[in-house]
Structures are given as C-alpha cells and as structure tokens.
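What the coordinates show
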Amino acid sequence: KNRSIKMELIEIAQLVTGIATLIVALILVYQLRQQHKDSDSSMSFQAVNLHNENQRWFSENFSNESIEKMKIGLSSLDEKDENKLRALVHNSFMTITTEFRLGRRKRLKDYYKYALQRFALLKYKASREILEEIYIQTKNSKAVRSELNDLISEVLDDYENKKIGE
C-alpha cells in the first residue's frame with residue numbers, strides 16, 4: 001500500500017511538472033508574439049521616419065534649378081546633384097527593399113507601388129533612370145525578391161510606357 005501511495009505521488013508530481021512546463025511554454029509564446037508586434041511597430045516607425053528624413057533632406061539640398069533639370073534626366077544634372085540624387089534614390093530603394101523583405105504591410109502591392117513612386121521621387125525622369133539602373137543590376141540576382149523587381153518594372157513601365165531592361 002505504501003508503494004502504491006508513493007507511485008501516486010510520483011505520478012501527481014510528474015503531472016504537476018508537465019502542467020507547469022506547459023504554462024511556461026504558453027507564457028513564452030505569448031511574450032514572443034508581443035515582441036514580434038513591438039518589433040514590427042518599431043520597424044514601421046523607423047521606415048516612416050527614414051522616408052520623412054529623406055524627403056526633408058531632398059527639399060533642403062536641391063535647388064529649384066536642380067529639380068527642373070531632374071525632370072529632363074540624369075544627363076542634365078551636374079556631378080554633385082547627380083551624386084546626391086543617386087544617394088537619395090538608393091537610400092529609398094534600400095529602405096523599401098528591406099520593408100518588403102521583412103513583409104511590412106503584408107507586401108501589399110499598392111503600398112509598395114506608392115512608396116516607390118513617392119519616396120524614390122519617380123515623378124522626375126532622372127530618378128526613374130537611376131531606379132532603372134538598379135532594376136537592371138538586380139533583376140537576375142537574389143538580392144531583391146522577384147515580386148518586388150516585377151513591381152519596379154511595372155511602376156517604371158507606367159511612367160515610361162516602355163519595357164525596361166531589354
């Protein structure tokens with residue numbers, strides 16, 4: 001009988017240990033989900049902040065004359081303005097690429113289309129020429145997801161009404 005009571009106590013102890021382990025596992029899963037939400041919110045805020053900073057920097061560092069030349073194309077810009085514009089478009093491209101890779105906004109096509117148009121300054125021909133160069137360099141590599149490259153091509157086609165990279 002003593003042996004039977006000991007066995008029951010051991011079984012109860014194992015059951016309690018198992019339940020405690022399950023509770024700890026559930027708490028850890030909950031904490032991981034919270035961390036994911038927090039990191040997603042943080043990344044979203046950082047992306048928005050970067051885009052805003054780029055736009056502010058653009059407005060402070062390009063004259064009206066430079067902007068008019070950007071409408072004509074890269075060849076009309078002096079070297080300093082071309083380098084500044086390349087830095088801005090590449091920076092915007094890298095931010096958008098990172099957002100896409102991390103699945104921000106669930107890779108919603110309309111968001112990324114807008115982001116490319118707005119933040120890469122695609123209303124200017126010079127910016128589109130730079131993005132086209134980036135597209136040609138990355139279209140056959142794994143550096144940029146093919147879905148994003150397809151979207152870049154589509155956005156540029158919308159502006160230029162031509163197929164790029166051919």
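Structure shown above.
Quick summary incoming for the structure in this document. Only a predicted model underlies this, so the values are computations on that prediction, with no experimental measurement involved. (Residues numbered from 1 in each chain as written. Predicted model: local features only at pLDDT ≥ 70, side-chain atom pairs only at ≥ 80, totals over all residues. Heavy atoms only, no water.)

Now for the overall build of the protein. Scanning the protein for helices and strands turns up six helices and zero strands. Starting at the N terminus and ending at the C terminus, the protein contains elements arranged as α-α-α-α-α-α. The C-alpha atoms of the protein give 26 Å as radius of gyration, which overshoots the globular expectation for 166 residues (15 Å, by more than 25%). Across its three principal directions, the C-alpha atoms of the protein cover 95 × 35 × 25 Å. Taking all 166 residues of the protein together, the buried fraction comes to 33%. Across the protein, every contact between residues at least 6 apart in sequence was considered, and the portion connecting residues at least 24 apart equals 68%. Surface summary for the protein: the accessible area is close to 11,200 Å², and the carbon and sulfur share equals 54%. Here the protein holds 27 positive side-chain charges and 24 negative ones, and the gap between their average locations is 8 Å. (Helix = DSSP H or I, 4+ residues; strand = E, 2+ residues; numbered from the N terminus. Rg over C-alpha atoms; globule rule 2.2 N^0.38 Å. Buried < 20%, exposed > 50% of the residue type's maximum accessible area, 1.4 Å probe, protein only. Contact = heavy atoms within 4.5 Å. Areas by Shrake-Rupley, 256 points an atom, 1.4 Å probe, with all protein chains shown as cover. Lys, Arg positive; Asp, Glu negative; His and termini not counted. Charge placed at Lys NZ, Arg CZ, Asp CG, Glu CD.)

With 32 residues, the main nonpolar core has Phe58, Met70, Leu85, Leu116, Leu131 and Ile152 as its most contacted residues. Elements supplying a minimum of two residues to this core: helix H2 (64–72), helix H3 (79–101), helix H4 (109–119), helix H5 (125–138) and helix H6 (146–160). If one sorts the elements of this core by residue count, H3 sits on top with six residues. When neighbours within four sequence positions are excluded, Met70 is seen to be in contact with Phe58, Phe62, Leu77, Leu85, Tyr124, Lys125, Ala126 and Ser127. (Core = buried A, V, L, I, M, F, W, Y, C linked by side-chain atoms within 4.5 Å.)

Applying the stated criterion across every chain yields a total of 13 salt bridges. The partner of Glu68 in a salt bridge is Lys71, with the nearest N and O atoms 3.0 Å apart. Of the two residues, Glu68 and Lys71 both sit in helix H2, three residues apart, roughly one turn of that helix. The partly exposed category is assigned to Lys71, whose relative accessible area is 44%. Its salt-bridge partner being Glu129, residue Lys125 comes within 3.8 Å of it at the nearest N-O pair. With Lys125 and Glu129 both in helix H5 and four residues apart, the pair spans about one turn of that helix. Since its relative accessible area comes to 24%, Glu129 is described here as partly exposed. Connected via shared salt-bridge partners are Lys109, Lys113, Glu154 and Asp158. (Salt bridge = Lys/Arg side-chain N within 4 Å of Asp/Glu carboxyl O.)

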